[in-house]
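# A structural walkthrough
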Amino acid sequence: MRNRREGRKPRRTKKFTHSGPITIHEYFAMSARAQDEWNEIVRTISKMENEGLSLPAASREFGLNPRKVIQLGHAALRKRANGRYMVKNGYRLLRVLVIPAPGGLREIAVLDSKEASLIGKYWAAVHNYLETGDASALRKIRRKTVTDADGKRIRLIKDLAELDRLGSAGVLSFESLYAKAA
């Protein structure tokens with residue numbers, strides 16, 4: 001067996017030295033700037049998944065370097081044979097999202113892309129109900145709970161009177177589903 005001195009090249013392995021937060025505590029321990037960057041990375045990956053955009057196109061939309069998205073969001077990405085990146089099915093990246101709660105808005109952390117998608121559909125249904133009074137989209141959402149990153153089930157508010165109260169109080173803002181950096 002030849003060693004390095006005899007001309008054998010060492011194997012290169014992919015090593016990601018940086019990764020994103022895994023728990024809500026890690027997320028909130030990050031600086032406000034790092035939280036914003038993490039949220040933009042997650043949004044970039046979501047945009048790739050939902051709109052079929054390439055990594056460079058989605059990164060450009062959020063003003064990110066594609067290498068940074070690969071570095072921190074590698075758990076959600078898969079490199080294809082042609083060298084391009086695509087989003088894995090059912091990937092797990094921490095997202096800190098906001099949902100309506102009886103006292104106002106509540107930040108929750110979810111890992112599963114399917115849970116995040118459910119929260120997005122829920123927000124769209126709530127927004128539609130408050131804008132038009134049509135609750136059919138809320139009724140179509142069969143699940144009444146989402147599972148957070150710690151495995152706890154959190155109930156989604158489907159009570160129309162409670163949603164009306166929160167909407168009238170100005171609590172429900174649709175600027176962003178993602179948590180605000182501290």
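Treat the numbers as computed from the prediction; the structure is a model and nothing was measured.

## Quick look at the overall build of the protein
Scanning the protein for helices and strands turns up 7 helices and 6 strands. Partitioning the intrachain contacts of the protein with sequence separation of at least 6 by distance along the chain shows that 50% fall at a separation of at least 24. With an accessible surface of roughly 11500 Å², the protein has 48% of that area assigned to carbon and sulfur atoms.

## Re the nonpolar core
Ranked by size, the top nonpolar core spans 23 residues in total, and within it Ile108, Ile119, Tyr122, Leu138, Val146 and Leu163 carry the most contacts. Within the residue set of this core, elements represented by two or more residues are strand E3 (92-101), strand E4 (104-112), helix H5 (113-132) and helix H7 (160-168). When residues of this core are assigned to their parent elements, the largest contribution, 8 residues, is made by H5. Core analysis: the next-biggest nonpolar cluster, separate from the first, contains 22 residues, Tyr27, Met48, Leu77 and Tyr91 among them.

## Looking at H5
In an α-helix, one full turn covers 3.6 residues, which means residues spaced three or four apart are oriented alike. Taking 1.5 Å of rise per residue, 20 residues should cover 28 Å, and H5 covers 28 Å from first to last C-alpha, within 8% of that figure. Those residues of H5 not exposed but buried are Ser113, Glu115, Ala116, Leu118, Ile119, Tyr122, Trp123, Ala125, Val126 and Tyr129. The opening residue of H5, the one whose side-chain oxygen lies 3.0 Å from the backbone nitrogen of Lys114, is Asp112. Where H5 ends, the next residue or the one after it, Gly133, has phi of about 85°, a positive value.

## What to know about a positive patch on the surface
A surface patch of like charges, here positive, comprises Arg78, Arg80, Arg84 and Lys88. Residue placement: Arg78 occurs in strand E1 (residues 77-79). Accessibility expressed as a relative area gives 42% for Arg78, which makes it partly exposed.

## Considerations on the pairing of E4
Across 8 bridges, E3 lies against E4 in antiparallel orientation. Residue pairing across strands places Ala101 opposite Gly104, the latter belonging to E4. Linkage of E3 to E4, two consecutive antiparallel strands, is achieved through a turn of 2 residues.

## What about the pattern of salt bridges?
Under the counting rule described, the total for this entry stands at 5 salt bridges. Close ionic contact of Arg165 with Glu162 constitutes a salt bridge, the shortest N to O distance being 2.8 Å. Of this pair, Arg165 and Glu162 both sit in helix H7, 3 residues apart, which is roughly one turn of that helix. Taking relative accessible area as the criterion, Glu162 reaches 18% and is therefore assigned buried. One network of salt bridges, with partners in common, ties together Lys47, Glu51 and Glu61.

## Points about H7
Burial in H7 covers these residues: Glu162, Leu163 and Leu166. Axial view of H7: buried residues confined to an arc of 100°, hence all on one face. Exposed and facing more than 90 degrees away from the buried side of H7 are Ala161 and Ser168. Packing partners of the buried residues in H7 comprise E3, E4, H5 and helix H6 (136-140).

## Looking at the packing of aromatic side chains
The final tally for this structure, using the stated rule, is 1 aromatic pair. Residues Tyr27 and Phe28 carry aromatic rings whose centres are separated by 5.1 Å and whose planes lie at 80° to one another, so their mutual orientation is edge-to-face.

## Some details on the packing of helix H2 (residues 32-51) against helix H4 (residues 66-73)
Closest axis-to-axis distance for the H2/H4 pair is 10 Å, and the angle between their directions is 95°. Comparing the axis directions of H2 and H4 gives the class roughly perpendicular. Residue-level inspection shows Glu37, Trp38, Ile41, Thr44 and Ile45 of H2 in contact with H4, the latter providing Lys68, Val69, Leu72 and Gly73. Its residues placed into classes, the contact of H2 with H4 shows 5 nonpolar, 2 polar and 2 charged.

The rules behind these values
Residues numbered from 1 in each chain as written. Predicted model: local features only at pLDDT ≥ 70, side-chain atom pairs only at ≥ 80, totals over all residues. Heavy atoms only, no water. Helix = DSSP H or I, 4+ residues; strand = E, 2+ residues; numbered from the N terminus. Contact = heavy atoms within 4.5 Å. Areas by Shrake-Rupley, 256 points an atom, 1.4 Å probe, with all protein chains shown as cover. Core = buried A, V, L, I, M, F, W, Y, C linked by side-chain atoms within 4.5 Å. Buried < 20%, exposed > 50% of the residue type's maximum accessible area, 1.4 Å probe, protein only. Expected span 1.5 Å × (residues − 1). Polar contact = N/O pair within 3.5 Å; in protein donor to acceptor, adjacent residues only side chain to side chain. Patch = residues over 30% accessible without salt bridge, like charges linked within 9 Å, V, L, I, M, F, W, Y side chains within 5 Å. Salt bridge = Lys/Arg side-chain N within 4 Å of Asp/Glu carboxyl O. Lys, Arg positive; Asp, Glu negative; His and termini not counted. Charge placed at Lys NZ, Arg CZ, Asp CG, Glu CD. Pairing = 2+ DSSP bridges. Arc of directions from axis to C-beta. Phe/Tyr/Trp six-rings, centres within 6.5 Å; stacked < 30°, edge-to-face > 60°. Axes fitted to C-alpha atoms, helices over the stretch in contact; angles between N-to-C directions. Parallel < 35°, antiparallel > 145°, perpendicular 65-115°, else oblique. Nonpolar A, V, L, I, M, F, W, Y, C, P; charged D, E, K, R; others polar.

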